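# Residue-level structure breakdown
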Amino acid sequence: MPHANERLFDHQFAREWKLKKSRAEKDKRMPLSDAIAQFVEDGDSIIETGFAYVRGPLGAYWEIGRQKKKDLVGIFTPGGLNNVWHEFGGMEGAHVAYVGVEMRGLISTFRRGVEAGTLKVYSEWSHGGLALALRAAEQGLNYVACKSMLGTDIIKTNPYIKVENDPWTGEPVCLVPAIYPDVAIFHVHHADKYGNSRIWGASVNDTAIAVAARKVVVTCERIVDTLDIRSNPYQVVIPHYCVDAVCEVPFGAWPGDMPGMYYFDRRLQERVVRIEWKTPEATKNWIEKYIYGTKDVYEMIQLAAEEEGMNVLDYVKRLEQLACDAAFYNLGSWGIGGERDWRYEEVAKRAI
Amino acid sequence: MSDIQYTPRELLACVAARLLKDGESVFVGTGLPLVGAMLAKKLHAPNMMSIYECGAVDPQPRQLPWSVADPWTLYQAPVILSMSSVFGHSRAGYADVGFLGGAQIDMYGNINATCIGPYEKPTVRLTGSGGANDIASLCQRVIFMGLHLPQRFPERVDYITTPGFLDGPGARERAGLVGGGPWRVISHLGVMGFDEETCRMKLLSYHPGVTIEVIQEFTGFELLVDQDVHETEKPTEEELYILRNEVDPCQLFCF
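Residues numbered from 1 in each chain as written. Chains lettered and ligands numbered in written order. Predicted model: local features only at pLDDT ≥ 70, side-chain atom pairs only at ≥ 80, totals over all residues.

Bringing the overall build of chain B into the picture now. Counting its regular elements, chain B contains 7 helices and 14 strands. Against the 2.2 N^0.38 benchmark of 18 Å for 255 residues, chain B shows a C-alpha radius of gyration of 17 Å, consistent with a compact globule. Seen through its C-alpha atoms, chain B measures out along the principal axes to roughly 45 × 45 × 35 Å. By the burial criterion, 56% of the 255 residues in chain B qualify as buried. (Helix = DSSP H or I, 4+ residues; strand = E, 2+ residues; numbered from the N terminus. Rg over C-alpha atoms; globule rule 2.2 N^0.38 Å. Buried ≥ 20, exposed ≤ 12 C-beta atoms within 10 Å, placed from the backbone.)

Bringing the interface of chain B and chain A into the picture now. Opposite the 50 residues of chain B that make contact, chain A presents 47 residues. For the side of chain B that touches chain A, the elements supplying multiple residues, two or more each, are helix H3 (83-94), strand E9 (124-125), helix H4 (132-138) and helix H5 (171-175) of chain B. (Contact = placed C-beta atoms within 7 Å.)

Turning our eyes to something else, we now look at the pairing of strand E8 (residues 183-191) of chain A. Residue and element names in this part refer to chain A. For E8, a buried count of 9 out of 9 residues is recorded, marking the element as mostly surrounded by other parts of the structure. Summarising the sheet, strand E1 (residues 45-47) and E8 pair through 2 bridges and their orientation is parallel. Paired with Ile47 across the two strands is Ala184, which belongs to E8. The pairing of E8 with strand E10 (residues 215-223) spans 8 bridges and is classified as parallel. Within E10, the residue paired with Ile185 across the bridge is Val217. (Pairing = 2+ DSSP bridges.)

Turning next to the sheet that holds strand E5 (residues 143-146) of chain A. Residue and element names in this part refer to chain A. Spatial strand order, E5-E7-E6: 3 strands in an open sheet with antiparallel pairing. Both outer strands of the open sheet, E5 and strand E6 (162-165), are each paired with one neighbouring strand and no more. Each strand of the sheet is rotated relative to its neighbour by a mean of 35°, with strand direction disregarded. (Axes fitted to C-alpha atoms, helices over the stretch in contact; angles between N-to-C directions.)

What follows covers the packing of helix H2 (residues 32-42) of chain B against helix H7 (residues 237-247) of chain B. Residue and element names in this part refer to chain B. Across the interface, H2 lies against H7 with an axial gap of 10 Å and an inter-helix angle of 110°. The pairing of H2 with H7 is recorded here as roughly perpendicular in orientation. Remark: the crossing between H2 and H7 carries right-handed chirality. Residues Val35, Met38, Leu39 and Lys42 of H2 lie in contact with H7, whose contacting residues are Ile242, Leu243, Glu246 and Val247. Broken down by class, the residue content of the contact of H2 with H7 amounts to 6 nonpolar, no polar and 2 charged. (Parallel < 35°, antiparallel > 145°, perpendicular 65-115°, else oblique. Left-handed = near helix turned anticlockwise from the far one by under 90°. Nonpolar A, V, L, I, M, F, W, Y, C, P; charged D, E, K, R; others polar.)

Per-residue confidence for chain A gives a mean pLDDT of 91; residues scoring 70 or more make up 92%. Per-residue pLDDT stays below 50 along residues 327-338 of chain A; that stretch engages in 14 contacts with residues further than four places along the chain or on separate chains. (pLDDT = per-residue confidence, 0-100.)

This paragraph deals with helix H13 (residues 312-321) of chain A. All names here are of chain A. Turning to H13, its buried residues number three or more, namely Val312, Tyr315, Val316 and Leu319. An end-on view of H13 places all buried positions within 90° of arc, on one side of the element. Exposed side chains of H13 directed beyond 90 degrees from the buried face belong to Asp314 and Gln321. (Arc of directions from axis to C-beta.)

Turning our eyes to something else, we now look at the environment of B:Arg174. Residues and elements named next belong to chain B. Positionally, Arg174 belongs in helix H5. Looking at Arg174, the number of C-beta atoms within 10 Å reads 14, which means it is partly exposed. Residues Arg174 and Pro61, spaced 113 residues apart in sequence, show a C-alpha to C-alpha distance of 40 Å.

Moving on to unusual backbone geometry. Put simply, A:Thr77 and A:Pro78 share a cis peptide bond, and its omega is -15°. Relative to the helices and strands, A:Pro78 resides in the loop between strand E2 (72-76) and strand E3 (91-96). Along the chain, A:Trp254 connects to A:Pro255 via a cis peptide bond; the corresponding omega equals 5°. You can see A:Pro255 is positioned in the loop between strand E12 (245-248) and helix H10 (266-276). Residue A:Ala52 is not a glycine yet carries a positive backbone phi of 65°. Despite not being glycine, B:Asp58 shows a phi value in the positive range, around 55°. Relative to the helices and strands, B:Asp58 is located in the loop between strand E3 (56-57) and strand E4 (79-80).

With that settled, the discussion passes to the packing of helix H4 (residues 58-66) of chain A against helix H11 (residues 280-292) of chain A. Residues and elements named next belong to chain A. At their nearest, the axes of H4 and H11 sit 10 Å apart, and the two run at 105° to each other. Between H4 and H11, the angle falls in the class roughly perpendicular. Across from Trp62, Gly65 and Arg66 in H4, the residues of H11 making contact are Ile287, Ile291 and Tyr292. Taken together, the residues that form the contact of H4 with H11 break down as 4 nonpolar, 1 polar and 1 charged.

To continue, consider the environment of B:Ile135. Residue and element names in this part refer to chain B. With respect to the secondary-structure elements, Ile135 resides in helix H4. Along the chain, Ile135 and Val68 lie 67 residues apart, while their C-alpha atoms are 13 Å from each other. Beyond its immediate chain neighbours, meaning those up to four positions away, Ile135 contacts Phe27, Gly29, Gly98 and Leu100.

Structure follows, in structure tokens:
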């Protein structure tokens, strides 16, 4: 199998793959572990979706680690926590627009990997530049000419972008090629069983990513009836024909944020970023306990709750109470109250 | 008034807020810029429009967001766009001010957020650009906030992640950049601007208790000094009240 980088800008390969995908309304529901086993292959390039720690498919990323996938290539725009797998053989390189957690600082696993040379950085980007590379793929363009990244060292440390003169004005422009990642996993609020996916909040790059990526897995807070989607398509950001698998994973963005539903698990994130992943040994202990020692995200939440001396339901309720007031997101026909009760039941059922 | 107590970060937030004018649009980066923008909106700039790279425009946050994509940056936003759209709209001319942080800034206002030391073998690998490069490339003028230490204010940054005036006068135009470039630098020691002729950083005001000599000592290059250099105005009671009670009551940023 050629290296993921050789497929990354190959529009013909990406197109041929998508020509073979079914357009039919087909039930794509499956357990998360099956979807990861089937659609994330060793050596794939995998792109971050949502805003990494906001509506990021973290539950799926933990499952990738649990299944010990090898040699993935991360595309980080921005990138949160899944680079942790490089110390376990799970990630060998990255294309980087941003890896970090903003004010909480750097992610030490990424720092260690790049500084030691064990995690290769294949290209540097800006958020806007990578967003345009994805948008180009979505809009059917070979490349776009933009005004980002000009004059900087990003140009020198990204072998895929070029500076040329605009044929009309003669001004320098940065040419950004359409990018086609191997796999993208999304976490959304609602999806129907065919993969049409509805979100509340910012879509960031998600529509573009869904069209650009070859293989698409959707995890969702809740599977809804397709009539519900068809009666309100305006918040649907991923169309079903892009999607290969749909997995119902309530709290699938934990310990990140799910807009309108639950807030960042700030205590856990602070602990992970500042302490638990600070050294390779500590990281290994954390991974063994939280990932290899659990079977899914609910056992992980239960562990986190136990560490805080809390009942698991109180723990998730606290995260929900901290959430940005959901009433300001258009919830369509789903009342948030019913949604919450349902999810408490789900967590209780799955955690025990 | 002279015995008002405040922390260095609180001073930074207040100075930052004062630089934002009512009716402007501000593309906000993460960290202290979030605080400065929110404080300005609650004080003198209720019609200031903030833009965030996740796609949110003009939210009315009730509490300080933890991230630029935090749902609080979407709260009551009249429209939520995508990442490529908000940068595109900045290029089109809808973003007046870009408001950023970063690890290093040099005498020409170039910012490094990628690595300390050589790129191939960095001593510290940092986050990478995020939206900073786009904000500084496309917004009309740029405000930078950061800690003032010699290694954070070197003559040349180790890696230009985000363009300032690059290597001096005319360089932005030659590179094809559209925005006007760096405008103000706010550090915990003073406020800097840029000399129009040489594009070099120059001191505009020094914070209370700090001298020009101290600032020069903490700067890794020769800092020009504006002829009207003066002491930075202290935070007022009103600014501090709003900051402590309405903007950052949990002291997430201003501790």
